[in-house]
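Structural features, examined
What follows is the residue order along each chain.
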Amino acid sequence: MDLNEWMNSSLQGVVERLERDVHATFDVEAEDGLDLAGRNEIYGILDDLLGVLFPGCFSKEKVLKNEINFYLSDILRHISFRFGKHVREVFRYRCKKDNCINCNCDERATDALIKLIEALPDIREILMTDIQAAFDGDPAAKYLDEIILSYPCVDAIATYRIAHMLYTLQVPIIPRVMSERAHSQTGIDIHPGAQIGSRFFIDHGTGVVIGETCRIGKNVKIYQGVTLGATSPFDKDGVPRKGEKRHPDIEDDVIIYSNATILGGHTVIGKGSVIGGNTWITKSVPPNSQIFIRSRENGETLQEAQKKGGTQKK
Amino acid sequence: MDLNEWMNSSLQGVVERLERDVHATFDVEAEDGLDLAGRNEIYGILDDLLGVLFPGCFSKEKVLKNEINFYLSDILRHISFRFGKHVREVFRYRCKKDNCINCNCDERATDALIKLIEALPDIREILMTDIQAAFDGDPAAKYLDEIILSYPCVDAIATYRIAHMLYTLQVPIIPRVMSERAHSQTGIDIHPGAQIGSRFFIDHGTGVVIGETCRIGKNVKIYQGVTLGATSPFDKDGVPRKGEKRHPDIEDDVIIYSNATILGGHTVIGKGSVIGGNTWITKSVPPNSQIFIRSRENGETLQEAQKKGGTQKK
Amino acid sequence: MDLNEWMNSSLQGVVERLERDVHATFDVEAEDGLDLAGRNEIYGILDDLLGVLFPGCFSKEKVLKNEINFYLSDILRHISFRFGKHVREVFRYRCKKDNCINCNCDERATDALIKLIEALPDIREILMTDIQAAFDGDPAAKYLDEIILSYPCVDAIATYRIAHMLYTLQVPIIPRVMSERAHSQTGIDIHPGAQIGSRFFIDHGTGVVIGETCRIGKNVKIYQGVTLGATSPFDKDGVPRKGEKRHPDIEDDVIIYSNATILGGHTVIGKGSVIGGNTWITKSVPPNSQIFIRSRENGETLQEAQKKGGTQKK
């Protein structure tokens, strides 16, 4: 068939069928819903926020030392205006879907925006502890600036700390859009609901999954492919465990090596423990545990546990 | 050495050596081959196609409710024109390489383009079942729109369903370029040749690999790091297994948890089975099997199989 | 609170706190440090370099056969100018931080730039062996051009070979920024310090980690999720092992299947060995070893070693 002919005769039929489907799925009023717009705007604002936290590194342009104040004022005004609009939109959109009545969504939106921006200096401060932990923990790291410019955990953790703030302020949709942006860029998937302390370092990072109800203490280090997940998303009756504590707690000073899997909402990895690569853990381990896979003489791999300083088998 | 001096005296030598190498490798006629252009055009068209499937979410701009028809007409015309050109080019390019004689490649190209666009409403319909499955399967999911905007499996599966259509229409090169775009964005690597039923959900997704000759039934759910692969790319004589069935079949209603590896063209995971995390499977399992890794008292990890409702060891 | 009011009254306080923090962290002179600028410039130059290596595939625009010389001259001049500036900046920046005196950093920068550009034809040549290895090793590969356009290992290995050249020339920061760009795009994390021979193929690739002090021979093939890492980043006294050989050696003709983990600076995988998926290796294996996970009758998984042609257990 001739393409022009087909475009004139048949394309409109495709358009109409698609239009019907779109209307049927998104049952929202004209001025919202589809008006939510694409994700690219949110990505752009996230990039600007990262530029505020690390001017000259994550910013699009050079920033001279004597321009920092001017640069920060300008970009924070810009973020307040553009992001303010988006935060209001998602609150209104969600309120309409949830049939809120007389809801103060505009007020909550403005409040969330202001709280986020006022928290940025604190977020920067805790991120500097994360970056210092990367420097202390990776023999390949030679300079702090190299870490900011090239370690994927900086993007992932900075985005997480922004998204977590918005999550606790109950901003709809945007925290997950932001965390998936970082996931796409780095392969590190941190749910905005997770709670993570200072001096957090993720090396390499591809394949890391940190679930919504994880609690991670201070000075924790994890490697690529580590899953901190749920044993099953369903309870024994097959009902999804929405709202439950489903993911583990990791106490202070724990190291978790590559591709270890730690599952379950009641699983606690005790303070100071070292979890070896490729291990599979679904029960709590006491403080200072060391769990490793070893190859035995006969070729079997054995998962061993021992206390630091002792040789107690698990 | 002074850079300007070097540029004037020596740069042209580098250019000429590179030029010779490029000519030697791509032995194609002037008007094609290199004329294939970069991948960025294909990426742009893929983004437009995703915008057609989910206007207001994946589209670059806002789309008001009363603008949907206008938006879809406009962008589909644009896609028909631009993508039509690319599809014709890859058919011609491949035909020339394959020394086709009197080949109807232009006709096949137009036919493929029209078939793809006419299939878009069906593709959208099956994607809505995938999105519903994500909602049903993930306790962290609270709204459908959040899934479309932030779940990487939506990008990956939508791109797969478009690329698979082009693959079955034997469009050269473009399906793989599209699937690698999604792989790059999401860490989910689905070969366009795989066959996948409705209500398909991938959670987190980083590291998932689904091979060319996989067949996946309806209502299947898989997690990050799952490989559905080949035992070996070579037969016992070391000849690559081009054209053979090399990857497993996954029947309806199967769940495969994180980092499980299932290999082989004769391996069938029976309907309703649950495959635990970190398992290693190279043989078929009957319907309703449950295969799990457990830690034994002595520290060994044990891969156990049992039938639902029974305790039969594998 | 009203947003405008807050912007007028309180935003400047946030700016000033951030400004103080930024100054405190980056203790550099006005004309450098922050002047290092963002990573996007480096990404753009890397894209141009990849376009030089594969015009018409990685280039942004079409390149006709009779335009190749013109295209290459133009873009290489452009790269020399723009990248020259960046290389000089990072050398100066690092020198200032390291308190070098009378350092010839400008000269070293120009020298590094010229050496890189003059090496591009050699880099292209070795990349063509990598691409041929991909074709030979993957049954799903049907055409060389499809590999260049859609295999993530081409981006990852091309970027690695450029970054490794800059690393050996001791260019600061930029090699790691480049390798993390490829990591972000492909999920393949190759440290620029690693040494890798010709005919190197990575299939799928998500989650691959290749450490700084790895040495990989010729004709090596690895799959997704393979870690070539360090046993521990610290020595027994807890001091980071900066500068030590920490990562394994992989000899010629080795195949390493998905999610295998090989650790340690003294671990050598002998020539011609095949390392099965999901294996865990921390000791050297002799040439022609075959190490595989097998499921035993009782459900345990067993890691077996045998010599090719023999049945010697490990």
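Calculation rules
Residues numbered from 1 in each chain as written. Chains lettered and ligands numbered in written order. Predicted model: local features only at pLDDT ≥ 70, side-chain atom pairs only at ≥ 80, totals over all residues. Heavy atoms only, no water. Helix = DSSP H or I, 4+ residues; strand = E, 2+ residues; numbered from the N terminus. Buried < 20%, exposed > 50% of the residue type's maximum accessible area, 1.4 Å probe, protein only. Contact = heavy atoms within 4.5 Å. Buried area = accessible area lost by both parts, 1.4 Å probe. Salt bridge = Lys/Arg side-chain N within 4 Å of Asp/Glu carboxyl O. Polar contact = N/O pair within 3.5 Å; in protein donor to acceptor, adjacent residues only side chain to side chain. Axes fitted to C-alpha atoms, helices over the stretch in contact; angles between N-to-C directions. Parallel < 35°, antiparallel > 145°, perpendicular 65-115°, else oblique. Left-handed = near helix turned anticlockwise from the far one by under 90°. Nonpolar A, V, L, I, M, F, W, Y, C, P; charged D, E, K, R; others polar. Expected span 1.5 Å × (residues − 1). Least-squares fit on C-alpha atoms with pLDDT ≥ 70 in both. Pairing = 2+ DSSP bridges. pLDDT = per-residue confidence, 0-100. Domains from an automatic or database assignment.

Let us look at the overall build of chain A. The secondary structure content of chain A amounts to eight helices and 15 strands. The buried share of chain A, reckoned over its 314 residues, is 63%. In chain A, 44% of the contacts between residues at least 6 apart in sequence involve partners at least 24 apart.

In this assembly, 66 residues from chain B lie in contact with 65 residues from chain C. Carbon and sulfur atoms make up 55% of the surface buried where chain B meets chain C, a total of about 6000 Å² over both sides. Our count for the chain B to chain C interface comes out at three salt bridges. Close ionic contact of Arg17(B) with Asp122(C) constitutes a salt bridge, the shortest N to O distance being 2.7 Å. Here chain B and chain C share 12 residue pairs in polar contact (both at pLDDT 80 or more) between them. Of all the secondary-structure elements, those providing two or more residues to the side of chain B that touches chain C are helix 1 (3-9), helix 2 (11-25), helix 4 (68-97), helix 8 (174-186) and strand 15 (301-307) of chain B.

Next up on the list: the packing of helix 2 of chain B against helix 5 (residues 105-137) of chain C. Viewed as axis vectors pointing N to C, helix 2 of chain B and helix 5 of chain C meet at an angle of 15 degrees, and their least axial separation amounts to 8 Å. Relative to helix 5 of chain C, the element helix 2 of chain B is oriented roughly parallel. By crossing handedness, the relation of helix 2 of chain B to helix 5 of chain C is classed as left-handed. Residues Leu11(B), Val14(B), Arg17(B), Leu18(B), Asp21(B), Val22(B) and Thr25(B) of helix 2 of chain B touch helix 5 of chain C, and the partners they reach there are Ile117(C), Glu118(C), Leu120(C), Pro121(C), Asp122(C), Arg124(C), Glu125(C) and Met128(C). Partitioning the contact of helix 2 of chain B with helix 5 of chain C into residue classes produces eight nonpolar, one polar and six charged.

All names here are of chain C. With 17 residues, helix 7 (residues 152-168) should cover 24 Å at 1.5 Å per step; its first-to-last C-alpha distance of 24 Å lies within 8% of that length. Here helix 7 lies mainly inside the structure; 14 of its 17 residues are buried. Just downstream of helix 7 lies Gln170, where phi reads positive at about 60 degrees.

When the parts of a complex come together, some accessible area is lost, and that lost area is often taken as the interface size. Across the contact, 66 residues belong to chain A and 66 residues belong to chain C. When the two sides are added together, the surface that chain A and chain C hide from each other amounts to roughly 6000 Å², 55% of it contributed by carbon and sulfur. Area buried by chain A at its contact with chain C is led by Lys62(A), Lys65(A) and Pro139(A), which between them contribute 11% of it. Taken together, the links from chain A to chain C amount to three salt bridges. The interface formed by chain A and chain C includes 12 residue pairs in polar contact (both at pLDDT 80 or more). Of all the secondary structure elements, the ones that give two or more residues to the side of chain A that touches chain C are helix 4 (68-97), helix 5 (105-137), helix 6 (144-150), helix 7 (152-168), helix 8 (174-186), strand 6 (221-223) and strand 14 (289-295) of chain A. Looking at which element gives the most residues to the side of chain A that touches chain C, the answer is helix 5 of chain A, with 14 residues.

The next thing to look at is the relation of the copies chain A and chain C. Superposition record for chain A on chain C: RMSD 0.0 Å, screw rotation 120 degrees, translation along axis 0.0 Å. On this basis, the relationship between the two copies can be described by a three-fold rotation axis. Comparing contact sets, just 6% of the residues at the interface of chain A also lie at the interface in chain C, consistent with a heterologous contact between different surfaces.

Turning next to the sheet that holds strand 4 (residues 209-210) of chain C. Residue and element names in this part refer to chain C. With parallel pairing, the five strands of this open sheet are ordered in space as 1-4-7-10-13. Because the sheet does not close on itself, it has two edges, and the strands there are strand 1 (189-190) and strand 13 (280-281). Judged from the three bridges that link them, strand 7 (residues 227-229) and strand 10 (residues 261-263) form a sheet pairing that is parallel. Each bridged residue has a counterpart across the sheet, and for Gly229 the counterpart in strand 10 is Leu263.

Residues and elements named next belong to chain A. Taken over all residues, the pLDDT of chain A has a mean of 86, while the share at 70 or more is 89%. Counting contacts from residues 27-35, a segment whose pLDDT is below 50, to residues more than four positions away or on other chains yields 24 contacts. This stretch, residues 309-314, has a pLDDT under 50; its non-local contacts, to residues over four places away or in other chains, come to nine contacts. The ipTM value of the predicted complex is 0.90, and its pTM value is 0.92.

Take the relation of the copies chain B and chain C next. The two copies are related by a screw motion: chain B maps onto chain C through a turn of 120 degrees and a shift of 0.0 Å along the axis, at an RMSD of 0.0 Å. Interface residue correspondence from chain B to chain C reaches only 6%, placing this contact among heterologous pairings that use different surfaces.

Here we come to the sheet that holds strand 10 (residues 261-263) of chain A. All names here are of chain A. The five strands are arranged 1-4-7-10-13 in an open sheet whose pairing can be described as parallel. The outermost strands of the open sheet, each flanked by one partner alone, are strand 1 (189-190) and strand 13 (280-281). For strand 10 and strand 13, the ladder comprises two bridges, and the chain directions are parallel. Across the sheet, the residue bridging to Ile262 is Ile281, located in strand 13.

Below, the discussion takes up the packing of helix 2 of chain B against helix 4 (residues 68-97) of chain C. Two numbers describe a pair of packed helices, the interaxial angle and the distance between the axes. The geometry of helix 2 of chain B relative to helix 4 of chain C is characterised by a closest axis approach of 9 Å and an angle of 135 degrees between their N-to-C directions. Of the possible angle classes, the one that applies to helix 2 of chain B and helix 4 of chain C is oblique. For the pair helix 2 of chain B and helix 4 of chain C, the sense of crossing is right-handed. Two secondary-structure elements touch here, helix 2 of chain B through Leu11(B), Gln12(B), Val14(B), Val15(B), Glu16(B), Leu18(B), Glu19(B), Val22(B) and His23(B) and helix 4 of chain C through Ile68(C), Asn69(C), Leu72(C), Ser73(C), Leu76(C) and Arg77(C).

Moving on: the domain arrangement of chain A. Residues and elements named next belong to chain A. When cut into domains, chain A gives domain 1 (20-188) and domain 2 (194-314). Between domain 1 and domain 2, the residue contacts involve 20 residues of the former and 18 residues of the latter. Where domain 1 abuts domain 2, roughly 1400 Å² becomes buried across the two surfaces, and 54% of that area is made up of carbon and sulfur atoms. Across the domain 1-domain 2 interface, the total number found is one salt bridge. The residue Arg199 makes a salt bridge to Asp136 at a minimum N-O spacing of 3.2 Å. Taken together, the links from domain 1 to domain 2 amount to 12 residue pairs in polar contact (both at pLDDT 80 or more). Broken down by secondary-structure element, the contributors of at least two residues to the side of domain 1 that touches domain 2 are helix 5 and helix 7. The biggest single contributor to the side of domain 1 that touches domain 2 is helix 5, with eight residues. Here the residues of the side of domain 1 that touches domain 2 are counted per class, giving 10 nonpolar, six polar and four charged.

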